Structures are given as structure tokens and as C-alpha cells.
Amino acid sequence: MDSEHKYCKLNREEVEEKQEEVKNVKYKYKISSLDAFWNTCSSIQGLGLLAMPLAASYGGYWYILGTIAVAAFSCYTSKILVQCLYEVHPTKGRIRTRDTYSDVGEAFWPHCGRQMVLVAKFLELMFSATANPIACAEALAFLCPNLPVSTRMWILIFGIGMTANIFLTSIAFLSKISMMTIILGFGTFGTVIGYSLHQIPKWDFDDMLVFQPSKFPLSLGMLVASYSAQIYLTVLEVSMKSPEKFNSILNYGYTMMTVLKLALGVFGYLAFSKDVNEVVTNNLPTYFLIPMNIIVVFLAFTGYSLPIFAVFDMIESSANRFLGTRCLDGYGQRPKPLCKYLLRLIIVLITIVMATVVPYFSLILAFVGSISGTSIAVIFPCLFHIKLYWDYLQWYQVVVDIVIAFFGVMMAVSGVTYSLLDLMEIMSQGHH
């Protein structure tokens, strides 16, 4: 009896300590609602936006409906995922007892849920990193058409440059250039939209009637990949001065980025029609193509470093599970410097090999969106919400969660199937 009482007391103390720790973090990193809005936009922004015109060419008007649906689902699942960070106390109301997406997974399925989320997160980050050298290689191929260098060779050259990432010791350096990345990204997207609007006299709205059943799942996969921000948004809410405004900030951020994706996708497709490229900046005339593709190359370098650094941290923080004591530091937790750099080099080489084997930007985006994107952005939050909040949900809320989760499963199955079929078709035709 005494041991049970002691156990309960320790549990309460641990929970209170965790709550105090969260409060301190919130106090230390408090940001304004405007900062939270820009962070939301930045987490949804990425080079994947440059593939939106190609996504529109697969679905026409269905691309518009698909974008709105995926954005609405992703915004909703972001809110319920953050809700799952809290527990409902009988007298104190909602109390935050979890910090991360992985913590929610652990609460959903003890012993296995955390690993399930970490695996999905690992795949998401690895594929996201892999998409960057492909986008960079395509941009360089268009910038230097007279050089006898293939796309695969450009990817390998990019990979040599990216090995410098193994020496990153802090995310602080990357944080300093993140605002510049956001500004350059919006500048690039704005240029494509502006040029497309300049081509309005050449638009043929009949192009929007196109619908390719075998390609549209790829379009949805690209959309999901571009909206998979849930990993980052769980940290955002606790950092806000006014966390009660979190849902409103999400609504504004998702609305703005959805309008941007619709404008970029639809206008870009109408401007370039059937000739639209995987990376739409390659369709621009020379006087725009050169500066825009230089920016794309820069964005690819910074866009690679952010996810790959997160992968480094994931691997190194769990190194004691797969490395012997000889390779671990004095605390037995993280790898020694030599082992650390070797592990990082292997990870970088894996992404470059993956990019070289499948040098197709849109297919990588569709694949990552279909496998890890749908899990992280659509399926997991709904399942976690049903399990953890079962006693507090109305029947229609359960139905909504089930419908969205089912939609996510269907997107995952169809996206993986058609992206693999598309890849086999391309390989069989010997395209490079």
C-alpha cells in the first residue's frame, strides 16, 4: 500500500515538474502572434510550391478542390494534435502534460507509439532532404544547358557540397538565414505568379478541364507533402505569448498559404499549359530564369540543411540503442566525434544516392506525401484524437476524425501505387 502511495506521489511530482518545465520554456521563447503567423507560413512554405503548376496539370479544377480539402484537413489535424498535448483535469481544466508529437504517440500506444511517430518523422525528413538536390540539379541543368553535365551528375556535385553539413553543431546558424530564405522564397513565388498574370491573353481556360485519373493521386501526394507542418506546429503553440490565439493564427496562416498555392498552381499551369516543368521557374524566359534559378539553388542548399540537421539529431540522440560503448561519449548517450561525423556522412550519402537513383522532383514529393506526409499530417492526429479524447468527443466529431483518417489512408495507398507505376514507366522508357 505504501509503495503504491509513493508511486502515485512520484507520478504527481513528475507531472508538476513537467508542467513547470513547459511554463519556463513558454516564458523563455514567448513570441508575438505576428511571429507565430510567419512561423506557420514558413513551416508550410518550401520548394514543393514550385511543383504546384505541375500538380494543377494533373487535375485541373480538381486541383483547386484538392488543395482546399488538403489545407482544411491539415489545419484541422494541426489543431487536434495540439489539443492532444493537453489532458483534461476534473478541477483544473486543460493541463499541458506533453511536449512533442512523439509524446502524443506514446500516450496513444505505449512502448510503440513513440517509435511509430519517429519512423514517420524520419522518413518525412529524409525524403524532404532528398527532394532538394533534385530541384537544385534541375535548376542548374537549365542554367548551364551547354555544359555536358547530366542531372544525375549535378546531384552528385550538389552532394559533395552538402557534405559540409556534417560539421554543423547548432541550428542557430541556420536560424539566422531562415528569414532570408522565406523572403527569397516569396520573391520567387511572386515572380512566377506575376509573369503568369502577364500572360493572361494567352491563357486557355479549357486547360483546366483536364483530369488524369492515373496522375491525380500524385497531385494529392505533392499537396500533402507541402502541408506536412504538424511536427513544427506542436512547438509553436507553447512558444506564444497568447496560446489561446493559436487556432486563429493557424486559420490565417493556412488561408494565406492556400491562396498562394492556388495562385501559383493555377496561374502557372494556365501560363505554360502542357509544357509546364516539374520546377516551374524553368519555364520562365531567360531574363527571369537565370536569377530565379540561382535563388532556387540557394533555397535548395538551405532547404537541405534544415531537415538533414534534424535527422542528425534524431540519430545521435538514440545512438546508445545501436552503437557500442566504444563509440559513445563519456555519458554513454551520444556518439563520439569520429563516430558522429561518420554517421552524418552516411546519412548525407544515403540522401544523395536516393536522389541519384530517382532524379524526379515531383515523384519524390508525391512519394513522401503519400507515405509519411499522410501519416503525420492526416492519419495519426485523427487516431490520436479519438483515443485520447474519446470521453469528451461528440459523435459527429468522431465521425469527422474517422472520415479524415480514411481519406488519408486512401491517399496513401493510391499515391504510393501510382507514383511507383509512374516511376516504372519512366524507367522502362529510359528517360533521364
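Everything numeric in this text was worked out from a predicted model, so none of it was measured.

**A short note on unusual backbone geometry**
Excluding glycine, residues mostly have negative phi values, and the peptide bonds linking residues are mostly trans.
Here comes step 1: At His111, a residue that is not glycine, the phi angle is positive and equals roughly 80°.
Here comes step 2: Relative to the helices and strands, His111 is located in the loop between α5 (101–108) and α6 (113–143).
Here comes step 3: Judged by relative accessible area, which is 67%, His111 ranks as exposed.
Here comes step 4: Positive phi is not limited to glycine here, since Ser273 has a value of about 50°.
Here comes step 5: Here Ser273 is to be found in the loop between α11 (246–272) and α12 (286–317).

**Remarks on the packing of α5 against helix α14 (residues 361–388)**
Working note: a packed helix pair is described by the angle between its axes plus the distance between those axes.
Here comes step 1: The N-to-C vectors of α5 and α14 enclose an angle of 45°; their axes lie 10 Å apart at closest approach. Compared by their axis directions, α5 and α14 come out oblique. As for the relative orientation of α5 and α14, their crossing is left-handed in sense. On α14, the residues that touch Tyr101, Val104, Gly105, Ala107 and Phe108 of α5 are Ser375, Ile376, Phe380, Pro381, Leu383, Phe384, Lys387 and Leu388.
Here comes step 2: The residue inventory of the contact of α5 with α14, partitioned by class, reads ten nonpolar, two polar and one charged.

**Let's talk about the nonpolar core**
Here comes step 1: Among the nonpolar cores identified, the biggest contains 125 residues, and Phe361 and Phe384 are the most heavily contacted of them.
Here comes step 2: Not counting chain neighbours up to four residues away, the residues in contact with Phe384 comprise Leu81, Cys84, Tyr101, Val104, Gly105, Phe108, Met116 and Val117.

**Section: the packing of aromatic side chains**
Here comes step 1: Using the criterion set out here, one finds 20 aromatic pairs in the structure.
Here comes step 2: Seen in terms of ring centroids, Trp38 and Phe186 are 6.3 Å apart; in terms of plane orientation they differ by 85°. Their pairing is edge-to-face. One end of the pair, Trp38, is in helix α2 (residues 33–44); the other, Phe186, is in helix α8 (residues 172–198), with 148 residues separating them in the sequence.
Here comes step 3: Look at Phe186 and you get partly exposed, because its relative accessible area is 21%.
Here comes step 4: Between the aromatic rings of Phe167 and Tyr341, the centroid separation amounts to 5.4 Å while the plane-to-plane angle is 50°, which identifies the pairing as tilted. With Phe167 in the loop between α7 (151–162) and α8 and Tyr341 in helix α13 (residues 337–357), the pair connects residues that are 174 residues apart, well separated along the chain.
Here comes step 5: Overall, Phe167 belongs to the exposed group, its relative accessible area being 54%.
Here comes step 6: An aromatic cluster of three or more residues is present, and its members are Tyr101, Phe108, Phe380 and Phe384.
Here comes step 7: One Lys or Arg, Arg94, reaches over the ring of Tyr86 and ends 4.1 Å from the middle of that ring.

Thresholds, definitions, all that
Counting restarts for each chain: residues are numbered from 1 in the order of the written sequence. Only residues with pLDDT of at least 70 are given local features in this predicted model, and only at 80 or more are side-chain atom pairs given and counted; all residues enter the totals for whole chains, interfaces and linings. Here the side-chain values reflect all heavy atoms present in the structure, with hydrogen atoms and water set aside. Helix and strand assignments follow DSSP, with helices taken as H or I runs no shorter than four residues and strands as E runs no shorter than two, numbered in order from the N terminus. Think of it in three bands: residues with accessible area under 20% of the maximum for their type are buried, residues over 50% are exposed, and the middle band is partly exposed, with areas taken using a 1.4 Å probe on protein chains only. Here, axes are lines fitted to C-alpha atoms. For helices the fit covers the stretch in contact, and angles between N-to-C directions go from 0 to 180 degrees. Each angle is binned into one of four classes, with values under 35 degrees roughly parallel, values over 145 roughly antiparallel, values of 65 to 115 roughly perpendicular, and all other values oblique. Crossing handedness is defined as follows: a turn of the near helix away from the far one that is anticlockwise and smaller than a right angle gives a left-handed crossing, while the clockwise case is right-handed. Residue contacts are defined here by distance: any two heavy atoms, one from each residue, within 4.5 Å place the two residues in contact. Under the convention adopted here, Pro, Cys and the residues Ala, Val, Leu, Ile, Met, Phe, Trp and Tyr are nonpolar, Asp, Glu, Lys and Arg are charged, and Gly plus all remaining residues are polar. Buried Ala, Val, Leu, Ile, Met, Phe, Trp, Tyr and Cys residues form a nonpolar core when they are joined through side-chain atoms within 4.5 Å. Classification of ring pairs rests on two measures: the distance between centres of Phe, Tyr or Trp rings, Trp counted by its six-membered ring, which must be within 6.5 Å, and the angle between planes, read as stacked under 30 degrees, edge-to-face over 60 and tilted in between. Only lysine NZ and arginine CZ atoms are considered, and such an atom sits over a ring when it is within 6 Å of the ring centre and within 35 degrees of the ring normal.

By themselves, these observations are geometric and do not establish any function.
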